[in-house]
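Chain residues, written in single-letter form:
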Amino acid sequence: MAKDYYRILGVSKEATTEEIKKAYKKLARQYHPDNKETGNEERFKEINEAAAVLADTDKRGQYDQFGDADAFKRSSGFSGYDFSEAGFGDFASFDFGDIFDRFFGGGVSGFSRGSRRGRDLRAEIEISLEEVASGVTKNLVIAKLDACSRCEGTGAQSGSDVVRCPDCHGSGTLKQARRTPFGIFATSSPCRRCEGSGEVVEHPCEMCDGTGQLEKEKKIQVKVPAGVENGMKLRIAGEGEAGERGTPAGDLYIIVHVKEHGQFTRKGNDIHVEAPISVVQAMLGDEIEVPTLNGTAVLRIPPGTQPGTVFRMKGRGLPSMHGYGEGSEFVRIDVEIPKSLSRRQKELLKEFAEASKDKGLFRRMFE
Ligand SMILES: [Zn+2]
Ligand SMILES: [Zn+2]
């Protein structure tokens, strides 16, 4: 049975673009392959294909004439949406609304200028576990192709050098009539001369040779959210390289590395630490100071605490990026046995053993 794009998105044929967008966002989140519970790659591709067509007024009109995805694809040459460009790798920072807006790209003309969009960039930063706990803002300097400062990225010597494309009269597209089994059918393709932009430059900017791009060093502030995980990718939209002649810039992806900590081990949002106490503290109980990611905290050791006992301090772990499920700090007790004793200490311990005889303690040790 032929695919029905409206049914795939669960909207009516009269649905507004807003309704389609809403339905798409909900389903895309549900079926994204990285979603462990409900991910489904086949369904995900299907809804993206459906949205790419229904989001675009021209394509939607063509599709409506056929009411059948296969016939529409044969006649229009539409082959789906290019996912490789969209940065689909990272679910956590994935912006479904943004992707949808890219479907719209050149909504009116039916073609986006995305082909000359600037390159995506990648950078890495290293942060400490303490910075994971609090969140941190890092400053980076990145060498990249940025918008030319003389022409502001337009590639033109002056504003009056940007003129309407004579081939397509500024529409960015050329219409063609095509013969199909359903009759003569009008399709449009992007204008070659202006590459779909509808504008051409008469006198190129001297500083950037008309590309609109210049190599620059740029300072970038990166806000790293509290609770970030090692290896997580943060996306900063529009901070990649500038596109040619004013086309949109790429995105910057920041890979976050969390440094190993000398004291704490991280497991998810929890942290683990070892705390040494003396035999006497273990037997009599005490209050000890333990390190936390934010200064120290007092931990009460009950009398008779055994070596290897683990205490949990709620709320002393790492915050969650999702706003719930704050981690704990787990403190494992290590009881230190003194390696040498003074004569006085020995005497007292023998006395202690004597007093403990009826309890069966220390019997072997002093026999
Ligand atoms: Zn320039
Ligand atoms: Zn043109």
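Reading the values: rules and limits
Residues numbered from 1 in each chain as written. Chains lettered and ligands numbered in written order. Predicted model: local features only at pLDDT ≥ 70, side-chain atom pairs only at ≥ 80, totals over all residues. Helix = DSSP H or I, 4+ residues; strand = E, 2+ residues; numbered from the N terminus. Buried ≥ 20, exposed ≤ 12 C-beta atoms within 10 Å, placed from the backbone. Contact = placed C-beta atoms within 7 Å. pLDDT = per-residue confidence, 0-100. Expected span 1.5 Å × (residues − 1). Pairing = 2+ DSSP bridges. Axes fitted to C-alpha atoms, helices over the stretch in contact; angles between N-to-C directions.

A separate point is the overall build of the chain. Regarding its fold elements, the chain presents 10 helices and 15 strands. Going through the 367 residues of the chain one by one, you find that 26% of them count as buried. Sequence separation of at least 24 residues holds for 64% of the intrachain contacts in the chain that already meet a minimum separation of 6.

When pLDDT is averaged along the chain, the result is 83; 83% of the residues meet or exceed 70. Throughout residues 82-93 the model reports pLDDT below 50, and contacts reaching past four residues in sequence, or to other chains, amount to 15 contacts. Contacts for the low-pLDDT stretch residues 104-115, under 50 throughout, to residues beyond four places or in other chains number 29 contacts.

Next up on the list: helix α9 (residues 343-356). A rise of 1.5 Å per residue sets the reference length of α9, with its 14 residues, at 20 Å; its end C-alpha atoms lie 20 Å apart and thus fit the reference within 8%. A small share of α9 lies buried, amounting to zero of its 14 residues.

Read from one edge to the other, the open sheet built from four strands follows the order β10-β11-β15-β14, with strand pairing classed as mixed. Of all strands in the sheet, those bounded by a partner on one side alone are β10 (265-267) and β14 (310-313). Recorded for the sheet is a direction-independent mean angle of 35° between the axes of neighbouring strands. Pairing geometry for β10 and strand β11 (residues 270-278), over three bridges, is antiparallel. Across the sheet, the residue bridging to lysine 267 is aspartate 270, located in β11.

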